[in-house]
Amino acid sequence: MKKHSSWISALMAAVLTLVLAVSWSQPAQASGTLKIGMEANYAPYNWTQTTSANGAVKIDGTSSYANGYDVKIAKIIAKKLGKKVIVEKTQWDGLLPALTSGKIDLIIAGMSPTAERRKAINFTSPYRTTNFVVIVNKQSKYAKAKYLTNFKGAKLTAQQGTLHYDLIKQLPGAKREPASKDFAAMRESLEAGTIDGYVAEDTELTSFQMVDSNITGVNLSKMKGFKVSSSDAEVSIGVKKGNDQLLSQVNKVLAGISTSERNKLMKEAVQQQPQTSTKKENWLVSMLKNYGQMILEGIGMTLLISLVSTIAGFFIGLLVSIVRTIPEPKNKFKKGLLAFCKWLLSVYVEIFRGTPMMVQAAVIYYGIAQFWHINLNRTVAALIIVSINTGAYLAEVIRGGIISTPKGQFEAASALGMTHNQRMWNIILPQAIRNCLPSITNEFIVNIKDTSVLSIISVSELFFVGSTIASQSFQFFQTYLVISVIYLFLTFTITRIFNLIEKHIEGPENYNMMANQVQVGKQEGDK
């Protein structure tokens, strides 16, 4: 028993030391850096590329680079402030919580300073003014719309969490489809014909036309009756409330960038944005050549998180299941303490089994930073989140394995004078774990697929990488087909490996108890 306990204690101590060593990050503005939050998925404002060409900045925690109009503006600001730009690639929905929790210093992501957003963060003076358009196919009957009423019956959408989606309400009779996660998804929906168009800025139209000549836009800003405030037509930089010094510094830098220089930067961004290849090359060969490294990194991150989290979750579940199956002691104090521990562990299991892991990821990653000022590394946060979630599920799986062990084995062990701990370690747990192995394998496979929800905290796992590639290559179906095949290969391979492990643990199928007893009898007779 002491051997087992010391081994588990050493393992837990090692894990805790590792987490503390790598998870504690410096505040956003420390060490002369300026952390910029952006999607890196919204050309020509910002996008992801595989090289440092055209002055691109490396994305933190990856081997990829970010470029675009926003990156160019960020570099000017950082240079004037004597700081180094660090790009934090973050999903649109995660930009505000990342800023308010102190994980980034500025949001430079083509964001409009709407009244709702101003309640949460401050904004600088605008660094670009834009017009609003409905992007449609040239063959569409809505391509020649001249009045707001001409969009009657049109299936329109816009990006989730943006002003664009609310603007659809100004088009009488238009059908407001569910908001899309990003512009890449809307481009794919438009080309697939599932929507008639989407509302965006004129820069998105220019960007889309660079890769698809069949696209046109209808300018809403020039239509009679279309109303939008001047601030909503502007693009500004987000700053955390209370950080007045940084706000003043950025405004001062922006004031020194002339309109002609800004137009020049945008023109450069449009010309430099990713475009579809003009070479007649197999799409799979082209994808692997241009994005093979990104895909391998995504696979590596997915396997790292799922493997480490399944192992850690197994030990968490094992510990929880053991505590929850301890017999009630006679001592009243110990009995009360054990009851409280069991109740606490039951609450843990119910909470993490009863809430989506995506919500858990957002709460833990952003909440800890905002309320306790602990800046967790994204990868470490992902490992903690998936491990705790896995532990909650495996706790019930292993507990079920312990309870299902025949009572006769408990009684036999007790008759031999074994303590509860000896019974558990030497008799019950080996059988319970062996019986639970298929469920543990299943949980590992689920974790491989469920790492995709970690995109909410912008972990560069396989699905997150796939989304980036799709938006940069404009080959949506092909990209997601490759990603799905990779997931299938990973899960199929792991299933087969664990099947071999199960067969090895179970021993030979033709084991004959009677034949074994006869063989033993012969050996005793020979003696």
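Residues take numbers from 1 onward in each chain, read along the sequence in its written order. Reporting of local features is limited, given that this is a predicted model, to residues whose pLDDT is at least 70; pairs of side-chain atoms are given and counted only at 80 or more, and all residues count toward the totals for whole chains, interfaces and linings. To get the side-chain values, take all heavy atoms of the structure and skip hydrogens and water.

- Under an unreviewed UniProt entry, the protein chain has the name Amino acid ABC transporter substrate-binding and permease protein and belongs to Lactobacillus delbrueckii subsp. bulgaricus.
- Check the Subcellular location (unreviewed entry) section of the UniProt entry for the protein chain; it says "Cell membrane".
- UniProt positions are given in the numbering used here, feature names are shortened, and annotations may be inferred rather than shown by experiment. For the record of the protein chain, the UniProt heading Sequence similarities (unreviewed entry) holds the text "Belongs to the binding-protein-dependent transport system permease family. HisMQ subfamily."

Focus: empty space enclosed by the protein
Phase 1: The pocket and cavity definitions rest on a 1 Å grid over protein atoms only: a 1.4 Å probe that fits but cannot leave marks a cavity, an open set with protein on both sides within 12 Å along at least five of seven lines marks a pocket, and residues lining either have an atom within 4 Å of a point. Grid points are joined across faces, edges and corners, and a volume is the space filled by probe spheres set on the points. Applying the stated rule across the entire model yields 2 cavities of 30 Å³ or more.
Phase 2: If you trace the largest cavity, you find it lined by N41, Y42, A43, W47, F183, A184, R187, E204, P274, S471, Q472 and F474.
Phase 3: A run of DSSP states H or I qualifies as a helix once it reaches four residues; a run of E qualifies as a strand once it reaches two. Both are numbered from the N-terminal end. Counting only elements with at least two residues in the lining of the largest cavity, the list comes to α6 (183–192) and α16 (462–473).
Phase 4: It is α6 that contributes the most residues to the lining of the largest cavity, 3 residues altogether.
Phase 5: Note on residue classes: Ala, Val, Leu, Ile, Met, Phe, Trp, Tyr, Cys and Pro are nonpolar, Asp, Glu, Lys and Arg are charged, and everything else, Gly too, is polar. Looking at the lining of the largest cavity residue by residue, the class counts come to 7 nonpolar, 3 polar and 2 charged.
Phase 6: What the second largest cavity holds in volume is close to 80 Å³.
Phase 7: Sorting the residues of the lining of the second largest cavity by element identifies β6 (106–111) and α5 (163–167) as the ones contributing at least two each.
Phase 8: Here the lining of the second largest cavity is composed, by residue class, of 5 nonpolar, 5 polar and 2 charged.

Some thoughts on the packing of helix α11 (residues 332–354) against helix α13 (residues 378–403)
Phase 1: Lines fitted to the C-alpha atoms define the axes, with helices restricted to the stretch that makes contact. Angles between their N-to-C directions range from 0 to 180 degrees. Across the interface, α11 lies against α13 with an axial gap of 9 Å and an inter-helix angle of 115°. Handedness of the α11/α13 crossing: left-handed. The segment α11 lies against α13, with Y348, V349, F352 and R353 engaging I388, N389, G391, A392, Y393, A395 and E396.
Phase 2: Here the contact of α11 with α13 is built from residues that sort into 7 nonpolar, 2 polar and 2 charged. The handedness criterion is simple: a crossing whose near helix is rotated anticlockwise from the far helix by less than a right angle is left-handed, and one whose near helix is rotated clockwise is right-handed. Contact criterion: two residues are considered in contact whenever any of their non-hydrogen atoms come within 4.5 Å of each other.

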